[in-house]
Amino acid sequence: MTPPEPAPSVPADAGPQPELLARTFAGWRSQRGMLADAHRTGSFERAIAAVVRPGMTVADVGCGSGILSLFAARAGAARVHALEATRMIDDAAEVARANGFADRIDFVAGDARHFQAADGLDAVIGEWIGMYLFEEWRHFDAFAAVRDRWLRPGGIVMPRRVRLYLAPIDDSRLYVERGPGFWERPVWGFDFGLVHRRQLDRTRRIIVKADRRTLLDTWCILDLDCAVDDSRAYFFERRFETRFTFSAGCHGLLGWFELDLAPGIVLSTSPDSLDTHWHQSYFPFEQLQVQPGDSLTARVETTPAADNGTPAVGLRVDLRRGEDIVASRAGHYTLHDTQG
Ligand SMILES: C[S@@+](CC[C@H](N)C(=O)[O-])C[C@H]1O[C@@H](n2cnc3c(N)ncnc32)[C@H](O)[C@@H]1O
């Protein structure tokens, strides 16, 4: 058997840091995790089969294992440009060859932002969704660059829309098992309040599988139009309010997102959907006790992290009773940077 030829390269520049991208995506561990996520990958498969028509030209921005390109080719695309920044592209090309798609999928190595589509594109697809959406924000910009430069008027984008949610939760189990509540009680009979105070000072987002029955309300904090937006839309400030007619504990906020992939095909990562590798994101704060008549007001602000520009989530939550603010919580939650 002849060894596969390395895919042709486009020049690298100040886009995603190649080493960090390679650490996250060049090996099969993370690609396998995404392939094994049946809700995620199955939803993309159905959506691609629903909208890609025979004869179309498609770009798959950040093809990884090549799975979305294979779906597009299987749906009848005449040409699929599979764009990937890491050396995973060599294995992806070999997989495509082994499955008889070498003539219809061309693999282009390097930062997708530099891709040149000779004849324009009928569809731009990609899975550029980080944990709590934001982590792969640079990848979204690569998707937007290919879309803005090469997509024909009226062409297809996938995903079409992304909605990001936050919800106040009453979940004492999560609070104790995964959040700061563990340190509020005696630990083997000893007071570890010092760790509790320190944890509340250093807020962090925790990946969890949550229970939908704990949601007190749901706030849509971002509604992204993937046909026009880019990662600048990730930076915003919004305010929300929930009025209570019942008593409850509030142990922080829970985050998730929904992707509109194609007409009628929504991939949701909410706690009442099938689980995905994204699970949900828990933003804990010191518990609040609300009473009937109280309201919870929140200010959500996303700002670029000083070191790498990844959106960080700033939260301020006030518990209002009548005219008074009776308790406040604030936190600045940095997210991971998977792209450098
Ligand atoms: C979340 S994975 C998705 C992989 C595959 N499309 C799938 O759905 O299983 C994102 C992939 O995009 C690649 N990527 C991220 N930014 C890129 C860029 N600017 N240019 C090319 N590839 C990029 C990563 O290396 C990674 O393999």
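Anything mentioned here points back to the structure above.
Below or above, wherever it landed, is the structure these notes cover. Nothing here was measured: the structure is a model prediction, and the numbers come from that model. (Residues numbered from 1 in each chain as written. Predicted model: local features only at pLDDT ≥ 70, side-chain atom pairs only at ≥ 80, totals over all residues. Heavy atoms only, no water.)

**Structural notes on the sheet that holds strand β14 (residues 311-321)**
Each strand in a sheet pairs with its neighbour through backbone hydrogen bonds, running either in the same direction (parallel) or in the opposite one (antiparallel).
Next, step 1: The sheet built from four strands is open, its strands ordered β9-β13-β14-β15 with antiparallel pairing. Across the chains shown, the open sheet's two edge strands, defined by having one partner strand only, are β9 (237-243) and β15 (324-333). Sheet twist, expressed as the average angle between the axes of neighbouring strands with direction ignored, equals 15°.
Next, step 2: By the bridge criterion, nine bridges tie β14 to β15 in an arrangement that is antiparallel. Residue pairing for β15: D318 is matched across the bridge by S328. (Pairing = 2+ DSSP bridges. Helix = DSSP H or I, 4+ residues; strand = E, 2+ residues; numbered from the N terminus. Axes fitted to C-alpha atoms, helices over the stretch in contact; angles between N-to-C directions.)

**As for the pairing of β14**
Next, step 1: Counted residue by residue, β14 has eight buried out of 11 residues, so it is predominantly covered.
Next, step 2: In this sheet, β14 lies alongside strand β13 (residues 295-304) in antiparallel orientation, the contact comprising 10 bridges. Bridging across to β14, S295 finds its partner in R320.
Next, step 3: Hairpin connection, β13 to β14: the antiparallel pair is bridged by six residues, and G309 has positive phi, about 85°. (Buried < 20%, exposed > 50% of the residue type's maximum accessible area, 1.4 Å probe, protein only.)

**Quick word on unusual backbone geometry**
Keep in mind that most residues, glycine aside, have a negative phi and that most peptide bonds are trans.
Next, step 1: Along the chain, M158 connects to P159 via a cis peptide bond; the corresponding omega equals 0°.
Next, step 2: Of note, P159 is situated in the loop between β5 (151-158) and β6 (161-168).
Next, step 3: Even without being a glycine, L133 presents a positive backbone phi close to 65°.
Next, step 4: Within the secondary structure, L133 is located in the loop between β4 (121-125) and α6 (137-150).
Next, step 5: Its relative accessible area of 0% is what places L133 among the buried residues.
Next, step 6: For W188, which is not a glycine, the phi torsion comes out positive at approximately 50°.

**Notes on the packing of aromatic side chains**
Next, step 1: Throughout the structure, instances matching the rule amount to 14 aromatic pairs.
Next, step 2: Look at W128 and F143: their rings are 5.3 Å apart centre to centre, the planes differ by 50°, and that puts the pair in the tilted class. Residue W128 is found in the loop between β4 and α6, and its partner F143 is found in helix α6; the two are separated by 15 residues along the sequence.
Next, step 3: On the accessibility criterion, W128 (0% relative accessible area) is buried.
Next, step 4: Chaining the aromatic ring pairs together yields one cluster made of W128, Y132, F134, F140, F143, Y234, F283 and Y333.
Next, step 5: When the ring centre of F236 is taken as origin, the NZ or CZ atom of R238, which lies over that ring, is 4.5 Å away. (Phe/Tyr/Trp six-rings, centres within 6.5 Å; stacked < 30°, edge-to-face > 60°. Lys NZ or Arg CZ within 6 Å of the ring centre and 35° of its normal.)

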